[in-house]
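Secondary and tertiary structure notes
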Amino acid sequence: MTQRVNGERLWQSLRDMAQFGAIPKDGVTRLALSEEDRLARDQLRDWALEAGCSVRVDRMGNMFLRREGSRPELAPVITGSHVDSQPKGGRFDGIYGVLAGLEVIRTLNDHQIITERAVEVVNWTNEEGARFAPAMISSGVFAGVFDLAYGLSRSDDQGVSIGEALQQIGYAGEHPVGNMPIHAAFELHIEQGPILEAENIEIGVVTTAQGQRWYELEITGFSAHAGTTPMDRRRDALLGFAAMVIAVNNIGKDFMPDARATIGMAQITPNSRNVVPGKVFFSVEFRHPQEAVLEQMELRLLAAVAKIGSDGLSAHAERIFQYQPIRFDQGCIDSVRQAAQTLGYSHRDMVSGAGHDACYLSRVAPTAMIFIPCVDGISHNELENISSEWSTAGANVLLNALLAHTHA
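Heads up: these notes are all about the structure in this document. (Residues numbered from 1 in each chain as written. Predicted model: local features only at pLDDT ≥ 70, side-chain atom pairs only at ≥ 80, totals over all residues. Heavy atoms only, no water.)

Observations regarding the overall build of the chain
Looking only at helices and strands, one finds 12 helices and 18 strands in the chain. What you see for the chain is a C-alpha radius of gyration of 23 Å, in line with the 22 Å of a compact globule of 408 residues. Seen along its three principal axes, the alpha-carbon backbone of the chain occupies a region of about 80 × 45 × 40 Å. When the 408 residues of the chain are sorted by exposure, 54% land in the buried category. Considering only contacts in the chain between residues 6 or more positions apart, those separated by 24 or more positions represent 78%. Surface exposure of the chain reaches about 17,400 Å², of which carbon and sulfur atoms provide 49%. For the chain, the centre of its 35 positive side-chain charges and the centre of its 50 negative side-chain charges are spaced 4 Å apart. (Helix = DSSP H or I, 4+ residues; strand = E, 2+ residues; numbered from the N terminus. Rg over C-alpha atoms; globule rule 2.2 N^0.38 Å. Buried < 20%, exposed > 50% of the residue type's maximum accessible area, 1.4 Å probe, protein only. Contact = heavy atoms within 4.5 Å. Areas by Shrake-Rupley, 256 points an atom, 1.4 Å probe, with all protein chains shown as cover. Lys, Arg positive; Asp, Glu negative; His and termini not counted. Charge placed at Lys NZ, Arg CZ, Asp CG, Glu CD.)

And the structure:
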């Protein structure tokens, strides 16, 4: 039998949670393990206890809200996302998936539905990576990508570590991180892109997540007086950088539609109005759902770097991070697609361009993701917005996809 959540209650929960870290334009600033995060965590805990859940916290501060099943020995079905936000971020990124999970539990209670497997809602610590780098650190520790000591030692720009911050806000849990059986896992999230709204589609069935490769590059020329150095005698590092900007953009275009190629950061030395730039340090990021294509993009990047080096400049590139593409579990994907079909929602398969906790979780559990539209594709911005109808549709799909996995 198809079940539906209480969409008005979910929408009110989202409005209530948005007060923690509220900023103008209906946004939030709720950095990981800040006072605002503590208040939001406390509210989430209180709501979970009111819904009859047990609450446990592991050593990375991950919160697990458990509605027990009739057979506690069975591995649970889990869902969730994150409570933390970007600075001047939106009120739906992450938290929507957590509160939709809570609404699933409330709906099961309303209809007195007994599941054999427990249902757990998870709040993963520091998904955004805005205060502590890298992003998704706690789900990464849970999945064995990082060890616990590394996770707890990550520090913010004030030198405060995750371990210290957890102690400060009272969420340094005692439970071990990871090494627990999970039957199936789902993460519901806003798309953070424009496709679903542009195509007037209600549900994104996420089949894969893009792999990522990050690089640091440096081009070196020679700093010289801007007024006395003739044009044909200059070794202008910024000219080499300009060529690399065009090259990186062309690499992204040549592997459309799924490729992403971005230069997000650049530092010019000496960065003076009347000095020919002698050095430029910058980042390059590639994303694509196929590892073979990422390899081709990297080869193209290195060829462009070599060409810059032949123009009287020296150039160097180093890959500093690699994240392989994720293929989500077919059984979980099918459950999401079937739920959307049964509920009568328009849907399409999608690739996630962003990283999510589900990507790490997929290493240790059958996992899938569900997307709903967001207005104009805006996210990581206080103008981020969704409709209550989209919110309800996503939670309905989540509820029915979860129920398909809650019996032995």
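Notes on the side chain of S379
In this fold, S379 is placed in the loop between strand 18 (367-372) and helix 12 (388-403). Since its relative accessible area comes to 18%, S379 is described here as buried. A distance of 2.9 Å separates a polar atom in the side chain of S379 from a polar atom in the side chain of Q192. At 2.7 Å, the side chain of S379 and the side chain of E384 are in polar contact. Among all residues touching S379, those that are not within four sequence positions of it are D93, I190, Q192 and E384. (Polar contact = N/O pair within 3.5 Å; in protein donor to acceptor, adjacent residues only side chain to side chain.)

Comments concerning the pattern of salt bridges
The tally for this structure, following the rule as stated, stands at 22 salt bridges. Of the charged contacts, one joins R71 and E73 as a salt bridge, the two residues approaching to 3.1 Å between their closest N and O atoms. Since its relative accessible area comes to 33%, R71 is described here as partly exposed. Exposure remark for E73: the relative accessible area of 56% places this residue in the exposed category. Taken together, the salt bridges that share partners define one network made up of E35, R38, D42, R45 and D46. (Salt bridge = Lys/Arg side-chain N within 4 Å of Asp/Glu carboxyl O.)

Quick look at empty space enclosed by the protein
For the structure shown, the criterion picks out 1 cavity of 30 Å³ or more. A volume near 50 Å³ is recorded for the largest cavity. Contributing to the lining of the largest cavity are I78, T79, G80, V122, W124, F186, E187, D357, A358, L361 and T367. Among the secondary structure elements, those contributing two or more residues to the lining of the largest cavity are strand 5 (77-81), strand 7 (184-190) and helix 11 (357-361). For the lining of the largest cavity, a count of residues per class yields 6 nonpolar, 3 polar and 2 charged. (1 Å grid on protein atoms, 1.4 Å probe; cavity = no way out; pocket = protein on both sides within 12 Å on 5 of 7 lines; lining within 4 Å. Points joined across faces, edges and corners; volume = space filled by probe spheres on them. Nonpolar A, V, L, I, M, F, W, Y, C, P; charged D, E, K, R; others polar.)

Section: helix 1 (residues 7-17)
Residues of helix 1 that are buried include every one of G7, L10, W11, S13, L14 and M17, and no others. Taken down its axis, helix 1 places every buried residue within 155 degrees of arc, on the same side. Elements in contact with the buried residues of helix 1: helix 2 (35-50), helix 3 (95-110) and helix 12. By the N-cap criterion, in which a side-chain oxygen at the helix start approaches the backbone nitrogen of a residue two or three places on, helix 1 is capped by N6, the distance to E8 being 3.3 Å. (Arc of directions from axis to C-beta.)

What to know about the packing of aromatic side chains
Per the stated rule, a full pass over the model turns up 11 aromatic pairs. Taking the centre distance of 5.9 Å and the plane angle of 85 degrees together, the rings of F146 and Y360 count as edge-to-face. Residue F146 is located in the loop between helix 4 (137-142) and helix 5 (148-153), and its partner Y360 is located in helix 11; the two are separated by 214 residues in the primary sequence. In this pair, the class of F146 matches that of Y360, namely buried. Above the face of the Y171 ring, R41 is positioned so that its terminal group lies 5.1 Å from the ring centre. (Phe/Tyr/Trp six-rings, centres within 6.5 Å; stacked < 30°, edge-to-face > 60°. Lys NZ or Arg CZ within 6 Å of the ring centre and 35° of its normal.)

Some words on the environment of N123
Mapped onto the secondary structure, N123 falls in strand 6 (residues 119-123). Once the C-alpha coordinates of N123 and S138 are considered, the two residues, 15 residues apart in sequence, prove to be 9.9 Å apart. Within polar-contact distance, the side chain of N123 engages the backbone nitrogen of V83 at 3.0 Å.

A look at unusual backbone geometry
A cis geometry characterises the amide bond from A133 onward to P134, with omega recorded as 5 degrees. Tracing the sequence through the fold places P134 in the loop between strand 6 and helix 4. Cis geometry is found at the peptide bond from M256 to P257, where omega equals 10 degrees. Relative to the helices and strands, P257 is located in the loop between helix 8 (237-254) and strand 11 (260-262). Phi angles above zero are rare outside glycine, and K88 is one such case at about 50 degrees.

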